[in-house]
Amino acid sequence: MTRPTPVLFIHGLWLHSTSWQPWIDLFQQEGYAPSAPGWPGDPDTVEEARESPESIADHGIDDVVEHYTDIIRGMETPPILIGHSFGGMIAQKLLGLDLAAAAVAIDAAQIKGVLPLPLSALRSTLPVFKNPANKHRAVSLTAEQFRFAFGNALTQEESDALYERWTIPAPGKPLFEAAAANFNPHSPARVDTANSGRGPMLLMSGGKDHTVPETVTRATLKQYRHSQAVTDFMTFPDRGHSLTIDGGWREVADAALAWLRRQSLELTR
């Protein structure tokens, strides 16, 4: 007997888990068993999250990894992970821990060992770093800040619409942890990039991404040079950090599906 392979979608900072709904619908149509649980403390809706930022605050990388680890251990089979931004980092960590069948990391946040720090990435995260107290708070973006960090490759109208529909406050703690990663030997941003027994992984990048520029994703790819496991790279030259939620999301989703099919990961026994 065969059953659908579970797919676990992991959102990043400033987006609610329900932003994955078009992907969930598509992957379900394609025969997978998708779900998109939020981060620890995330309310069920965008509106609730905006009204209760304190529930989101002060969750760090280890908290998020533990949260998804518990979810995965409740599944019958290891899932495919698809993560965006910090969700891409979390997906890499979970794959390195052999908790997943495969991972697709889209515009993934910087892991320990990655050195490039482009100015656009600094500007994108300035709303958090401008106040050290934000490490223990949940921080919201303005529409203008979202436009620079996510919607720079879009029209003003589309960027504003996505901001109104999907954005929520985000915990500052993961950003502070990632920023200090290369100075901390026990950083929670560390990933087991040398694991040769893990499942296959695809790193996707938007060529116009301000928050996680392509140079960061290519530097991430180099971190896996000592692993014999499949590690592939794909870029979308004209796309920004909004590539999972904007009008071109289907192109990215279809590319991920095609890659998964090449890894023969449609069904589990």
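Quick note: structure is the one above.
Rules used in this analysis
- Residues numbered from 1 in each chain as written.
- Predicted model: local features only at pLDDT ≥ 70, side-chain atom pairs only at ≥ 80, totals over all residues.
- Heavy atoms only, no water.
- Core = buried A, V, L, I, M, F, W, Y, C linked by side-chain atoms within 4.5 Å.
- Buried < 20%, exposed > 50% of the residue type's maximum accessible area, 1.4 Å probe, protein only.
- Helix = DSSP H or I, 4+ residues; strand = E, 2+ residues; numbered from the N terminus.
- Pairing = 2+ DSSP bridges.
- Right-handed = clockwise from strand over helix to strand, strands pointing away.
- Polar contact = N/O pair within 3.5 Å; in protein donor to acceptor, adjacent residues only side chain to side chain.
- Contact = heavy atoms within 4.5 Å.
- Axes fitted to C-alpha atoms, helices over the stretch in contact; angles between N-to-C directions.
- Parallel < 35°, antiparallel > 145°, perpendicular 65-115°, else oblique.
- Left-handed = near helix turned anticlockwise from the far one by under 90°.
- Nonpolar A, V, L, I, M, F, W, Y, C, P; charged D, E, K, R; others polar.

1. Things to note about the nonpolar core
Inference 1: In this structure, L81, F86 and L94 are the most contacted members of the largest nonpolar core, which totals 54 residues.
Inference 2: The element that contributes the greatest number of residues to this core is helix α4 (residues 86-96), accounting for six residues.

2. Thoughts on the pairing of strand β4 (residues 80-84)
Inference 1: Counting buried positions along β4 gives five out of five residues, so the element sits mostly inside the fold.
Inference 2: Because side chains alternate across β4, one face comprises the buried residues I80, I82 and H84, and the other comprises L81 and G83, equally buried.
Inference 3: Pairing of strand β2 (residues 6-10) with β4, which is carried by four bridges, proceeds in the parallel orientation. Residue pairing across strands places V7 opposite I80, the latter belonging to β4.
Inference 4: Crossover connection from β4 via α4 to parallel strand β5 (residues 102-106): handedness right-handed.

3. Section: the side chain of S187
Inference 1: Position of S187 among the secondary structure elements: in the loop between α8 (173-179) and β8 (201-206).
Inference 2: In terms of polar contacts, S187 uses its side chain to reach the backbone amide nitrogen of A189, at 3.0 Å.
Inference 3: Once residues lying within four places of it in the same chain are set aside, the contact partners of S187 are K112, E177 and A181.

4. Regarding the packing of helix α3 (residues 61-73) against α4
Inference 1: Two elements in contact, α3 and α4, have axes whose closest approach is 10 Å; the angle formed by their N-to-C orientations is 60°. The angle between the axes of α3 and α4 places the two elements in the oblique class. Seen along the crossing, α3 lies across α4 with a hand that is right-handed. Each of I61, V64, V65, Y68, T69 and I72 in α3 lies in contact with α4, whose residues at this interface are F86, M89, I90, K93 and L94.
Inference 2: Looking at side-chain class alone, the contact of α3 with α4 contains nine nonpolar, one polar and one charged residues.

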